[in-house]
Amino acid sequence: MQQYSSLPEQNSQIDATPKLLTTIQQVRAHLWLEKSLNQLQNRLNDRLLCACNTVSQSLAAEAEIFQTVIDEINTAVDTSHVAFVQFAVGVALLEPRQTFATVRYVSRSQFSGSQPPVLEVTVTAEKKLPLRLQQTIEIKDLQQLENQQIPNAWRLTDDSDGVIGWLVIATVALRPDSEPLVASQAQLRSQFMARSAKQCNTALLQLRHILSWQQRYEQLSTSNQELERTNQLKNQFLANTSHEIRTPLSSIIGFTHLLLAQGYEPSKERQQEYLNIIQSSGKHLLALINDILDLSKIEANQLEVQWETVDLPLLCSNVLALVKEKAANKGLKLVLELDPDTSTLVADPLRLKQMLLNLLFNALKFTSKGSVGLRVASEGGFVHFTVWDTGTGISPEDQALLFHPYFQIANAVAGVEGTGLGLAVTRKLAEIHGGSVKVESELDRGSRFTLVLPLKEAREAEEAGEAGEVKCSLSALPVIPSSSPHILLVENDLPNGDLMQIYLSKLGYKVAWAKSAAKMWEALTQQEPAVILMDVYLPDGNGLKLVQELRENPQYQNIPVIAQTAMAMKGDRETCLAAGVNDYISKPIDLPLLASLVAKYSKVPNSIDGE
């Protein structure tokens, strides 16, 4: 009984040996799997770290990730102690807007034998494809490979889970008696490839984040550099603007003080000289403000352009006349060369004059001896205005920054002069006209600035002008000029009010001055003026609302109203016209223009002093 009863125990010990061997194989396979996946992760981490430290292109960085996965799978199989069926791994990337993927990366483990067997992707028993570079595989075949009982393809995705490709296995053709070996490896191989594909997807996602952060960093770095540069230029601009403002202000305040000083009685000639200086300094200040406003308007796409057919010989002669005195003071010769075949151009005459003056004043500023010239000629459907000089010239480094706002060239001849806005405004005005500005220069050999504007037909100017007239006159009311000499001035600023009242009174008008909205209504009850000069900003009301109230009142709705205001940006004129005014003039007041507008809407009194 005892001998018999011991047999099962002996049999149990014998039966346990295969189970023990199986367990050891499983542990070995598990250790290999984890070690291989850890090694793959380490290599991928190295690639990601390298991408962090260097500026990489997206495609090149992704290629390194794919190649790393292929190489590490290959190394893991070659160095394993697990008896694998020999196989190759490839990455098939999806082609944009196509129904197939192309094999871009392939790696194959080493095995013995003089002639390596052919490795194939087994889609079905009847359909097998060799795994080699540039091999195309239909998407439906790849989907079938990943849905097989033992998968032979695993998806690679982007950060939105969109498919970008597949990790594919191709195995060597085996003998029929090899099935048990294949079955023992299938689960391990499938797990290894699935987790490798997952690590690849994670690495690709992290790579895209790294590249996105790098791109953002580069953008921020560029923006910071640009902001720093802009800040430096604006600081320079403020310093230069301060100088430009203080210089004419010093003249205005100083000479005004002399004229007002008790006990000082200059001769009439001296008084005239001082007044001319005050007027010239005031115009300089206005030009500075206009440059700043022009640049702001252009950058905000708010600059108005008045298209007209320009008489080029006349305009160029007038431009040179404006710089003649400055050239004479420096002993420079002025030269004008006009192509006889180029007589007219469709452009904004005021803006064209502004561009040419900017170029000529710059040429005079940087030229101490020799000459400055303007040459005008047509060429290939364009008019070329070339301003040349024999001055100091401009270095290539400065030429690259020349048209940037606020930039100025440091030059002993010019000193600290200007705001650095003239050339920036000139280029932008040229672009608005459909043209450009080019520069050619060498140090100590002078400069050539060429303004290139397209030739347009006169008909285009007429159409543009008609469109502009329609736009500006939509709200204008038909008015019959009144024979009354009475003018009602609605203005709360005392110096401006004094100026207009004195000027219009000397022209023969009787000016009543209302300093508020309430005073305006009171003045209207006493007499009906021929024209109302309306300021927009009043202490007790808005001038445009007052105009609307006037238009709604039958007693006053036909009185012409001229808006005289500091509103001088694009759209301000249209806003005033839409409120019901008949015309518009911006501050600082151009007195001859004011006289012309008042005369337009009233009976013209006797003029004085040739006004």
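Scroll up to find the structure this text is about.
Heads up: these notes are all about the structure in this document. Predicted model only: the values in this text are computed from it and were never measured.

Quick notes on the rules
Residues numbered from 1 in each chain as written. Predicted model: local features only at pLDDT ≥ 70, side-chain atom pairs only at ≥ 80, totals over all residues. Heavy atoms only, no water. Helix = DSSP H or I, 4+ residues; strand = E, 2+ residues; numbered from the N terminus. Contact = heavy atoms within 4.5 Å. Areas by Shrake-Rupley, 256 points an atom, 1.4 Å probe, with all protein chains shown as cover. Salt bridge = Lys/Arg side-chain N within 4 Å of Asp/Glu carboxyl O. Buried < 20%, exposed > 50% of the residue type's maximum accessible area, 1.4 Å probe, protein only. Core = buried A, V, L, I, M, F, W, Y, C linked by side-chain atoms within 4.5 Å. Pairing = 2+ DSSP bridges.

Examining the overall build of the chain
Part 1 of the reasoning: Check the secondary structure of the chain and you find 15 helices and 21 strands.
Part 2 of the reasoning: Within the chain, contacts between residues separated by at least 24 positions form 69% of all contacts whose residues are at least 6 apart in sequence.
Part 3 of the reasoning: A total of about 34300 Å² of accessible surface is found on the chain, and carbon and sulfur atoms cover 52% of it.

Here we look at unusual backbone geometry
Part 1 of the reasoning: The omega torsion across Lys587 and Pro588 is 0°, close enough to zero to call that bond cis.
Part 2 of the reasoning: Relative to the assigned elements, Pro588 resides in the loop between β21 (583-586) and α15 (591-600).
Part 3 of the reasoning: Although it is not a glycine, Arg97 adopts a positive phi angle of roughly 55°.
Part 4 of the reasoning: Relative to the assigned elements, Arg97 resides in the loop between β1 (87-94) and β2 (100-108).
Part 5 of the reasoning: Even without glycine at this site, Gln134 takes up a positive phi of about 70°.
Part 6 of the reasoning: Locating Gln134 in the fold gives a position in the loop between β4 (128-130) and β5 (136-138).

Some words on the environment of Leu332
Part 1 of the reasoning: When you line up the elements, Leu332 lands in the loop between α6 (312-329) and β9 (333-338).
Part 2 of the reasoning: Taking the C-alpha atoms as reference, Leu332 lies 5.1 Å from Ser371; in sequence the two are 39 residues apart.
Part 3 of the reasoning: Excluding its chain neighbours within four sequence positions, the residues that come into contact with Leu332 are Ala327, Leu364, Thr367, Ser368, Lys369, Gly370 and Val372.

Focus on the pattern of salt bridges
Part 1 of the reasoning: Taken as a whole and assessed by the stated rule, the structure comprises 14 salt bridges.
Part 2 of the reasoning: Notably, a salt bridge pairs Glu72 with Arg43, separated by 3.5 Å at the nearest N-O pair. Taken together, the positions of Glu72 in helix α2 (residues 58-78) and Arg43 in helix α1 (residues 2-53) put the pair 29 residues apart, joining distant regions of the chain.
Part 3 of the reasoning: Residue Arg43 is classed as partly exposed on the basis of its relative accessible area, which comes to 34%.
Part 4 of the reasoning: The salt bridge involving Arg104 is made with Glu95; its shortest N-O contact spans 2.5 Å.
Part 5 of the reasoning: We classify Glu95 as buried; its relative accessible area is 17%.
Part 6 of the reasoning: Look at the salt bridges and you will find they share partners, linking Glu491, Asp535 and Lys587 into a network.

Section: the nonpolar core
Part 1 of the reasoning: Core analysis: the largest hydrophobic core is formed by 46 residues, its most contacted members being Leu352, Phe385, Leu402 and Leu451.
Part 2 of the reasoning: At eight residues, the largest contribution of residues to this core is made by helix α7 (residues 349-365).
Part 3 of the reasoning: Setting aside anything within four residues of it in sequence, one finds Leu451 in contact with Leu352, Met355, Leu356, Leu359, Val383, His384, Phe385, Ala430, Ser436 and Val437.
Part 4 of the reasoning: With 36 residues, the next largest nonpolar core counts Ala61, Ile70, Leu156 and Cys200 among its residues.

Considerations on the pairing of strand β13 (residues 436-441)
Part 1 of the reasoning: Burial along β13 is one-sided: Val437, Val439 and Ser441 are buried, while Ser436, Lys438 and Glu440, pointing the other way, are not.
Part 2 of the reasoning: With six bridges connecting them, β13 and strand β14 (residues 447-454) associate as antiparallel partners. Bridged to Val439 within β14 is Phe449.
Part 3 of the reasoning: In textbook terms, the turn of a hairpin is the stretch between consecutive antiparallel strands, and for β13 and β14 this stretch comprises five residues, one of which, Asp444, has a positive phi near 65°.

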